[in-house]
Amino acid sequence: MDKIVFLEPVFCERIWGGRNLEKFNFSIPQGDIGEAWVIAAHDNGSSKIINGSLAGLTLKEAYEKHPTVFTEKVYDKFPLLIKILDASDNLSVQVHPEDDYAKVNENGELGKTECWYVLDAKEDAKLVYGHSAKTHEEFNSRIDNAEWNELFIEEKVKEGDFFYIPAGTLHAIGEGILIYEVQQNSDTTYRVYDYDRVDKDGNKRELHIEKTKDVTTVPFEKVVTNPKEEKVGESTITYLANEKYFSVFKINVIEQIVIEKNKTGNLFTVLEGDGSIVINGIKHNVKKGDSFILTTECTSYILEGNMLLIGSYDR
Ligand code: ZN
């Protein structure tokens, strides 16, 4: 069986998208492209396998046929969904449900806990992370009275920042931010505020006020993950999060680093630079924008070159 599987992303047009995903060597379709689903196996979009014995299958099809190639634990569906987002405009302020709520209210969908690594941010870029209401009454009345400035908590962001967003956290990515997102494999979003925007046909997007009130955690509790750095020669591994559904880490490769896979994960994207990954003496060249999965057959690997990768795995 293959030890490494390379993937071709799916691109999604969004009202808030732009053209910045071209920076990742992607040939993106025309229009305002907001999302590249780089490692995806969802009904609403699945990346395609482009090498080896599974070439031509979508990741969703391949996981249904051969789950143990991809994950040690067998799940009903591939557990994670990984995207690069280009917020050329503000995203809606939104919240995602927990698993139990999504299962009952969204036809068996999973809940969505997610996290963001900021790849780039314009000066003074901001995002919404949490809310100020102390009680459900206060939360509901702020929404009913459209007191958004009083309700939303904004944070300034810069390249390299990391945010962990458990289900129930009110959030929005702001204009001028490029983000790498690792999340549960779910596409369930409840929008509470969309800046009263209309699309090219003059329509506003649907809001989900009652569901937002149902699932938002009140009061907001900020969850801080404490990233830990490990030097390996000249290279650095930074463990960004080790939480309920996933672990996420960043590898800054300088020249060469030999890695035992059980110390890191299996889902990767190259986010800066280029180089290669060597598995059992076989070298695969990789560059910015490439995403790949190390299968359960792969136990150790060597990264060479000068590049930044983010890796993750299910828990
Ligand atoms: Zn979200």
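Coordinates for the structure precede this section.
All of the points below concern the structure found in this document.

A separate point is the sheet that holds strand 14 (residues 177-184). Within a sheet, neighbouring strands are paired by backbone hydrogen bonds and run either parallel or antiparallel to one another. Pairing is antiparallel across the open sheet formed by six strands, whose spatial order is 2-3-7-14-9-12. This sheet does not close on itself; its edge strands, each paired only once, are strand 2 (10-18) and strand 12 (162-165). Taken pair by pair, the neighbouring strands of this sheet meet at an average axis angle of 25 degrees, ignoring direction.

To continue, consider the coordination of the zinc ion. Only Gln94 (OE1), His96 (NE2), Glu114 (OE), Glu114 (OE) and His171 (NE2) from the protein reach the zinc ion as donors, at distances of 2.1 to 2.7 Å. Between consecutive donors of the zinc ion, the numbers of intervening residues give the motif Q-x1-H-x17-E-x56-H. Here histidine 96 is found in the loop between strand 8 (93-95) and helix 3 (99-105), whereas its partner histidine 171 is found in strand 13 (residues 171-172), with 75 residues between them in sequence. Note on histidine 96: relative accessible area 1%, which makes it buried. Assessed through its relative accessible area of 2%, histidine 171 is described here as buried.

The next point concerns the pattern of salt bridges. Tallying each qualifying case throughout the model produces 23 salt bridges. Note that glutamate 35 and lysine 83 form a salt bridge whose closest N and O atoms lie 3.3 Å from each other. Of the two residues, glutamate 35 sits in strand 3 (residues 33-39) while lysine 83 sits in strand 7 (residues 80-87), which places them 48 residues apart along the sequence. We note that glutamate 35, like lysine 83, is buried. Among the ionic pairs, glutamate 64 bridges to lysine 60, the shortest N-O distance being 3.0 Å. With glutamate 64 and lysine 60 both in helix 1 (residues 59-65), this residue pair falls four residues apart, about one helical turn. For glutamate 64, a relative accessible area of 52% translates into the label exposed.

What counts, and at which threshold
Residues numbered from 1 in each chain as written. Predicted model: local features only at pLDDT ≥ 70, side-chain atom pairs only at ≥ 80, totals over all residues. Heavy atoms only, no water. Pairing = 2+ DSSP bridges. Helix = DSSP H or I, 4+ residues; strand = E, 2+ residues; numbered from the N terminus. Axes fitted to C-alpha atoms, helices over the stretch in contact; angles between N-to-C directions. Donors = N, O, S within 2.8 Å, 3.2 Å for Na, K, Ca; no water. Buried < 20%, exposed > 50% of the residue type's maximum accessible area, 1.4 Å probe, protein only. Salt bridge = Lys/Arg side-chain N within 4 Å of Asp/Glu carboxyl O.

Function-wise, these values are silent; they only describe arrangement.
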